[in-house]
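Listed below are the residues making up each chain.
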Amino acid sequence: RFTIDFLELDEEEARQKLKNRELTGFVQVPENFVDSVAHGDNVPADYITINAPESFGSVITGEITQTVSGLITSSQNAMDCMFEVAKMSGKKDNLRSYIDEMTLLYADQILGRENTFNISNIGVADSVSTGGYYICGILMFLLLLWGISCNRILIKKNYAMAKTLYSRGIKTGSQIFCEYFGYFIITLITFLVFGLIFGLVLSNNSFGVRELQSADVIESIGFVFKIIPVIVMIAAMQMMLYEMASGTVNAILLQFLVAVVLGYVSGCFYPNNFFPEIMQKITAVLPSGVGFAFLRKAISGISVMREFLISGIYTVIFLCFAILIREYKMAGDEK
């Protein structure tokens with residue numbers, strides 16, 4: 001009732017305002033519509049909107065028209081049923097008073113909207129508030145970008161050292177794992193420092209975010225330990241990307257593009273329920289989507305077992321691909 005205005009216009013004026021985008025849509029009520037409802041006839045009223053992609057306003061008005069249509073149909077059915085019951089029970093003498101009483105009852109129930117629904121604020125996704133959602137989004141995007149800052153230790157200009165180690169009995173898998181473990185430790189320590197700083201800030205102000213109320217340094221550092229599976233997975237993905245790229249510029253560009261694309265489609269910038277449903281299903285199983293869901297559920301205290309298992313599977317896949325890519329490149333250098 002606070003966001004929608006109802007105007008009474010003739011059809012030509014309504015169509016012109018609709019073309020000018022001054023209206024979201026209009027309902028074309030046929031003649032004798034109220035009489036037809038009263039007599040049990042189903043004469044439909046048409047809801048007309050512009051042929052364009054749905055906006056928030058058009059979605060809301062579409063929902064309202066469907067609700068009103070259901071109310072009218074249900075009211076008609078109830079009136080017809082009352083007529084039949086009155087005929088069968090022989091109480092036709094007071095039928096008019098019954099109609100008046102029932103009409104007032106429906107009016108009271110329909111217009112008393114504050115008693116119709118209970119409002120429950122469940123948040124944007126996974127019971128997380130809007131503020132909590134975007135904190136998780138920023139953290140996820142920062143984690144995706146973090147690989148760029150470690151390009152000095154992960155970029156391979158040549159594989160001379162790798163070949164030397166291989167000749168000394170240190171296989172490719174061991175090399176990848178040791179390099180990955182070192183990168184993971186650096187990443188974990190860095191985010192623990194971020195958690196410490198964040199906890200010190202939160203000890204004085206929660207910024208109105210529900211999930212951050214009463215948070216302190218211990219809880220912030222504990223949250224970093226809680227999301228270690230996500231850090232492990234993203235670090236493995238970035239390790240694989242560095243093995244795929246050749247040269248500093250190519251590696252950094254690849255890391256940046258992957259971070260931006262995955263962050264965008266996974267909803268780090270704004271909720272991904274604006275995307276088509278098929279894309280939402282796809283992004284939900286991407287590494288960034290799984291990691292983002294892990295963060296949201298972790299901050300709201302929901303079970304993360306599904307995301308934990310998927311993160312582990314992704315980590316193994318990324319590391320296996322990193323090993324295969326390095327072996328392929330080493331073999332190519334020998335040829």
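Each value, and the rule that gives it
Residues numbered from 1 in each chain as written. Predicted model: local features only at pLDDT ≥ 70, side-chain atom pairs only at ≥ 80, totals over all residues. Heavy atoms only, no water. Core = buried A, V, L, I, M, F, W, Y, C linked by side-chain atoms within 4.5 Å. Buried < 20%, exposed > 50% of the residue type's maximum accessible area, 1.4 Å probe, protein only. Helix = DSSP H or I, 4+ residues; strand = E, 2+ residues; numbered from the N terminus. Contact = heavy atoms within 4.5 Å. Polar contact = N/O pair within 3.5 Å; in protein donor to acceptor, adjacent residues only side chain to side chain. 1 Å grid on protein atoms, 1.4 Å probe; cavity = no way out; pocket = protein on both sides within 12 Å on 5 of 7 lines; lining within 4 Å. Points joined across faces, edges and corners; volume = space filled by probe spheres on them. Nonpolar A, V, L, I, M, F, W, Y, C, P; charged D, E, K, R; others polar. Axes fitted to C-alpha atoms, helices over the stretch in contact; angles between N-to-C directions. Left-handed = near helix turned anticlockwise from the far one by under 90°. Patch = residues over 30% accessible without salt bridge, like charges linked within 9 Å, V, L, I, M, F, W, Y side chains within 5 Å. Areas by Shrake-Rupley, 256 points an atom, 1.4 Å probe, with all protein chains shown as cover. Salt bridge = Lys/Arg side-chain N within 4 Å of Asp/Glu carboxyl O. Phe/Tyr/Trp six-rings, centres within 6.5 Å; stacked < 30°, edge-to-face > 60°. Lys NZ or Arg CZ within 6 Å of the ring centre and 35° of its normal.

Caption draft 1: A look at the nonpolar core. By size, the foremost hydrophobic cluster in this structure holds 48 residues, and its most contacted members are M140 and I234. Elements with a minimum of two residues in this core: helix 5 (130–149), helix 8 (172–202), helix 9 (217–226), helix 10 (228–244), helix 11 (248–265), helix 13 (287–300) and helix 14 (305–334). With 11 residues, the top contributor of residues to this core is helix 10.

Caption draft 2: Molecular detail of the side chain of S288. Mapped onto the fold, S288 is located in helix 13. Ignoring any residue separated from it by four or fewer positions in sequence, one finds S288 in contact with M140, L144, L262 and S266.

Caption draft 3: Region of the structure containing the environment of R326. Relative to the assigned elements, R326 resides in helix 14. C-alpha separation for the pair R326 and K156, spaced 170 residues apart in sequence, amounts to 10.0 Å. Once you skip the residues sitting within four places of it in the chain, R326 turns out to touch K156, Y159, T172, Q175, I176, E179 and E243. A polar contact is formed between the side chain of R326 and the side chain of E243, at a distance of 2.5 Å.

Caption draft 4: Summary view of the layout of surface pockets. Its boundaries defined by the atoms lining it, the second largest pocket holds a volume of some 510 Å³. Along its surface, the second largest pocket is lined by 21 residues, and I135, L139, F198, L212 and F223 are the ones closest to its centre. For the lining of the second largest pocket, the elements supplying multiple residues, two or more each, are helix 5, helix 8, helix 9 and helix 13. In the lining of the second largest pocket, the residues fall into 16 nonpolar, two polar and three charged.

Caption draft 5: Molecular detail of the packing of helix 5 against helix 10. Two elements in contact, helix 5 and helix 10, have axes whose closest approach is 9 Å; the angle formed by their N-to-C orientations is 35°. With respect to the hand of their crossing, helix 5 and helix 10 are arranged in right-handed fashion. From helix 5, M140, L143, L144, L145, W146, G147 and I148 reach across to helix 10, where they touch V230, I231, I234, M237, Q238 and Y242.

Caption draft 6: Just unusual backbone geometry, in detail. A positive phi is found at R21, a non-glycine position, where the angle reads about 60°. Residue placement: R21 occurs in the loop between helix 1 (11–19) and strand 1 (25–28).

Caption draft 7: Spatial organisation of a nonpolar patch on the surface. A surface patch of nonpolar side chains, amounting to about 940 Å² of accessible area, comprises L142, F177, F181, I185, I189, V193, F194, L196, I197, L200 and V201. The partly exposed category is assigned to I197, whose relative accessible area is 48%.

Caption draft 8: Seen up close, the pattern of salt bridges. Here the structure, examined in full by the defined rule, presents seven salt bridges. Across the pair E179 and R326 runs a salt bridge, and its minimum N-O distance is 2.9 Å. Here the residue E179 occupies a position in helix 8, and R326 occupies one in helix 14, the gap between them amounting to 147 residues. In this structure E179 comes out as partly exposed when scored by relative accessible area, which is 24%. Exposure remark for R326: the relative accessible area of 0% places this residue in the buried category. With a closest N to O distance of 2.5 Å, R326 and E243 form a salt bridge. Remark: E243 occurs in helix 10 and R326 occurs in helix 14; sequence separation between them is 83 residues.

Caption draft 9: Summary view of the packing of aromatic side chains. Counted under the stated rule, the structure contains eight aromatic pairs. Taken together, a centroid distance of 5.3 Å and an interplanar angle of 80° make the contact between Y133 and Y134 edge-to-face. Owing to a relative accessible area of 29%, Y134 belongs among the partly exposed residues under this scheme. Their ring planes at 75° and their centres at 5.5 Å tell us that F191 and F194 sit as a pair that is edge-to-face. Taken together, the residues span about one helical turn, with F191 and F194 both in helix 8 at a distance of three residues. By relative accessible area, F194 is classed as partly exposed at 36%. Cation over ring: K171 sits above Y166, and NZ or CZ is 4.8 Å from the ring centre. The aromatic ring of F292 is capped on one face by R296, whose charged end is 4.6 Å from the ring centroid.

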